[in-house]
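Single-letter residue listing:
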Amino acid sequence: MPSAAPSASYLTSHSAILAFLLVVVGFVAVNLVLWKIIRPSRFSEEKLTTYECGENPTGSAWIQFNIRFYVFALLFIIFDVEAVFLLPWAVVFREIGPLAFLEGLVFIAILAIALAYVWRKGDLEWVRTEDRQV
Amino acid sequence: MDFIYGLLPADLPTWVRVLGAGIACAVIGVTAMALGPLLYVYAETKVAGFMQDRIGPKRVGPHGLLQTVADAVKLLFKEAIYPAGADKKLFILAPCLVVVGAFLSFVVLPFGSRMQAVDLNIGLFYVVAVSSLSTVGLIMAGWASNNKYALFGAMRSAAQIVSYEIPAMMSLLTIVMIVGSLSLQEVVWAQQGGLQSWFLFRFFPIMPVVAIVFFTAGLAECNRAPFDIPEAESELVAGFHTEYSGFFFAMFFMAEYTEMLVISAVTSVLFLGGWWAPHPALQQIGSVGLGPFWLIAKAWFLMFVMMWLRWTLPRLRVDQLMYVAWKVLLPIGLTLVVLVGGLVLWFPDGFAWDGWVGWPLTLALFGFLFVVMQRAIRWSRKRAVEMAA
C-alpha cells in the first residue's frame, strides 16, 4: 500500500482527480479547436434540418413522452438512496457484526416491502394493466 | 502517482509537486484511454466478422489494422452540423461531458500494487458516481438536438442506466461487505493467493451469481447490446447521437468504448482478482511485475465477452428491459445482500470448499464451450464448402 508517501494525505490524494479533470478537459478542448481549424463548413438550410428519415420535420422535437419514465425515476431515487445508506453500513459490517446484520435486515426488509407494494400496484410494468383497460 | 511525485525535485513547493505528479499521471492515462478505442473498434469489427463468418476490415494497413485510424482521421475532416433549433451550448457540452465522465474513472483503476493514479478510500463509490456523469451528458445530447429520435433515445438510455445502477450497487455492496473497504486496491489485496481466492469463487455458488448480476448491469450501463435500445438503429436511427457529426460522433464512440473498458476493469478488480495472476508463480518474471498485464488481459477478455454477447443475443424491448432490471435483478440483488451478509458473519473466510470447487468447474465450463464452438465452426466451414461445391 502506497500510504507512507507524503502525498497520500486526504486533500492531496484527491488532487489527482483535479489533475485528471484538467487534462481531460484540455484534451477535449484541443481536439475541438483542431477540428474547427481543419474541418470544412459549407452550410445550407437543407443540411441543417433535423433528421426525420427524409421527411420534413413536423413541429418541435420537445414533445410529450411516456409518463412511466417519471415513475421509474422516482423508484430509482428511492433505491439509490437506499444504496447510499447501505454503503457505509457495508464498510463497517465486519467490525460491528451480528447487530449490523440485524439492523441492515430491518432496513432491507422495509425496502423489500416497498418493492413488493410497487410491484403489486403494477408500477413496475412498462404498460400498466389499468392503463390498458382504459 | 507517488512514484512520479518522488521523481520531481524536492525544492519545489508541495502543491506544485502534487499537481505535477497528478498531471503526469493524467497525461499517461488519458493518452492510453484516448488511443484505446482505436484498438477496441478494430477488435469489435474483427470479432463481428469472425462471428458472422466474414473477414472484416482488411484493406487499410496489414490485416486492416489502420482502418480505425483512417476512420478517426476521416471524422476529423467532417463538417460540424448544428441542427436548426438546437440548443447550441448544450449540444456542444453534451459529448464533452460524456467523455469526461468516462475518462475520469481511470483515476482509481489499479494496474498494480503501485500503478494507480491514486487509491481513493471511496474508490468504488467514486467509480459509480463518475460514470453516472455520462447519463447527464446523454440526456443533454438528446434534449439539445431538437430531434425526436434523439430525445427518445436519451430518455430511454436515462431510464435504463438508472434502473440498472441499482442491481449494480447491490452487487457492489456484497463485495464491500466481504472486504470492509471501498478502496479498489484493498479489494484486490483481499484476493491474494491465486485463482482459488478470487471473489468469483468465494461462497461458491453464490458469488458467481453476484458477478453475473454486476456484469449484466454494467453491460446495460454502457448501452451495449442486448441492452442497446437507446440507439436501436431499427427504430431510432442512432438514438441520442442521431444529429452528431464529425468529432462529436467520435467523442461518443470514444466514451462508449472507454466505459466498456472501465466496466470490464472494475469487474475484474471485484471478481477476478484485479492485477493478481491466476497463480502466484506467474505474478512476475524476474523482478518485472506483471500486474498491469494481468489486469488488462482480464479486462480485455471481458470486453471480448461483451462483443460476443452483442453478436449472440437479440435486442430487448423496452418493457422487457424494465422487467429484467426491476423484477429479476433487483430482487436477486436484495436477496444476495442479505445472504452474503449472513455468510460473511458465519463463514468469515468463505466455505470450506471454496479453494477447490469453483475454479475447476468454471474452467471446465469454458473448456466445454470452447470445444463446442470449435466443432460448430468446423461444421459450418464444412457445410459452406459443400454448398459451394
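None of the values given here were measured: they were computed from a predicted structure.

1. Quick word on the interface of chain B and chain A
How big an interface is tends to be stated in terms of accessible area lost as the parts join. On the chain A side, the residues contacting the 90 residues of chain B number 70 residues. Interface of chain B and chain A: buried area, both sides summed, is about 7,500 Å²; carbon and sulfur atoms make up 79% of it. Among the residues of chain B in contact with chain A, K148(B), W326(B) and K327(B) are the three that bury the most area, contributing 10% of the side total. Counting across the interface, chain B meets chain A through zero salt bridges.

2. Some points on the packing of helix 4 (residues 88–104) of chain B against helix 6 (residues 133–144) of chain B
Helix packing geometry: the angle between the two helix axes and the distance between the axes. Residues and elements named next belong to chain B. For the pair helix 4 and helix 6, interaxial distance at closest approach is 8 Å and the crossing angle is 160°. As summarised for this structure, helix 4 and helix 6 are arranged roughly antiparallel, according to the angle between their axes. Handedness of the crossing formed by helix 4 with helix 6: left-handed. When helix 4 is examined against helix 6, the residues L90, F91, L93, A94, L97, V98 and G101 are found in contact with a partner set consisting of L133, S134, V136, G137, L138, M140, A141, W143 and A144. Of the residues in the contact of helix 4 with helix 6, the class split is 13 nonpolar, three polar and no charged.

3. A short note on the environment of V176(B)
Its location among the elements puts V176(B) in helix 7 (residues 148–179). The buried category is assigned to V176(B), whose relative accessible area is 1%. Sequence spacing of V176(B) and P230(B) is 54 residues, and the spatial spacing of their C-alpha atoms is 31 Å. Once residues lying within four places of it in the same chain are set aside, the contact partners of V176(B) are L87(A), A90(A), V91(A), L124(B), S181(B) and L182(B).

4. As for the domain arrangement of chain B
Residue and element names in this part refer to chain B. On domain assignment, one finds that chain B holds domain 1 (1–56) and domain 2 (78–279 + 288–358). Averaged C-alpha coordinates put domain 1 and domain 2 at centres separated by 19 Å. The interface is formed by 18 residues belonging to domain 1 together with 18 residues belonging to domain 2. Buried area between domain 1 and domain 2, summed over both chains or domains, comes out near 1,700 Å², and the portion from carbon and sulfur atoms is 77%. Of the charged contacts in the structure, one is a salt bridge between R310 and E44, with a shortest N-O distance of 3.4 Å. Listed by contribution, the elements that provide at least two residues to the side of domain 1 that touches domain 2 are helix 1 (2–7) and helix 2 (14–51). At 14 residues, the largest contribution of residues to the side of domain 1 that touches domain 2 is made by helix 2.

Rules of the game
- Residue indices begin from 1 for each chain and proceed along its sequence in written order.
- As a convention, the first chain written is A and the first ligand written is 1, with the rest following in written order.
- In keeping with the predicted nature of the model, local features appear solely for residues at pLDDT of at least 70, side-chain atom pairs appear and are counted solely at 80 or more, and the whole-chain, interface and lining totals rest on all residues.
- With hydrogens and water stripped out, all remaining heavy atoms of the structure feed into the side-chain values.
- We call two residues contacting when some pair of their heavy atoms lies within 4.5 Å.
- When two parts are put together, the accessible area they lose, computed with a 1.4 Å probe and summed over both, is reported as buried area.
- Here a salt bridge means any side-chain nitrogen of Lys or Arg lying within 4 Å of a carboxyl oxygen belonging to Asp or Glu.
- To get an axis, fit a line to the C-alpha atoms, keeping to the stretch in contact for a helix; angles then go from 0 to 180 degrees between the N-to-C directions.
- What counts as a helix is a DSSP run of H or I of at least four residues, what counts as a strand is a run of E of at least two, and both are numbered from the N terminus.
- Orientation labels follow simple angle bins: below 35 degrees gives roughly parallel, above 145 gives roughly antiparallel, 65 to 115 gives roughly perpendicular, and whatever is left gives oblique.
- Handedness of a crossing follows from how the near helix is turned relative to the far one, being left-handed for an anticlockwise turn of less than a right angle and right-handed for a clockwise one.
- Any residue outside Ala, Val, Leu, Ile, Met, Phe, Trp, Tyr, Cys, Pro, Asp, Glu, Lys and Arg is labelled polar, Gly included; the first ten of those are nonpolar and the last four are charged.
- When accessible area is computed with a 1.4 Å probe and restricted to protein chains, residues below 20% of their type maximum are described as buried, those above 50% as exposed, and intermediate ones as partly exposed.
- By convention here, the domain bounds are inherited from an automatic or database domain assignment.

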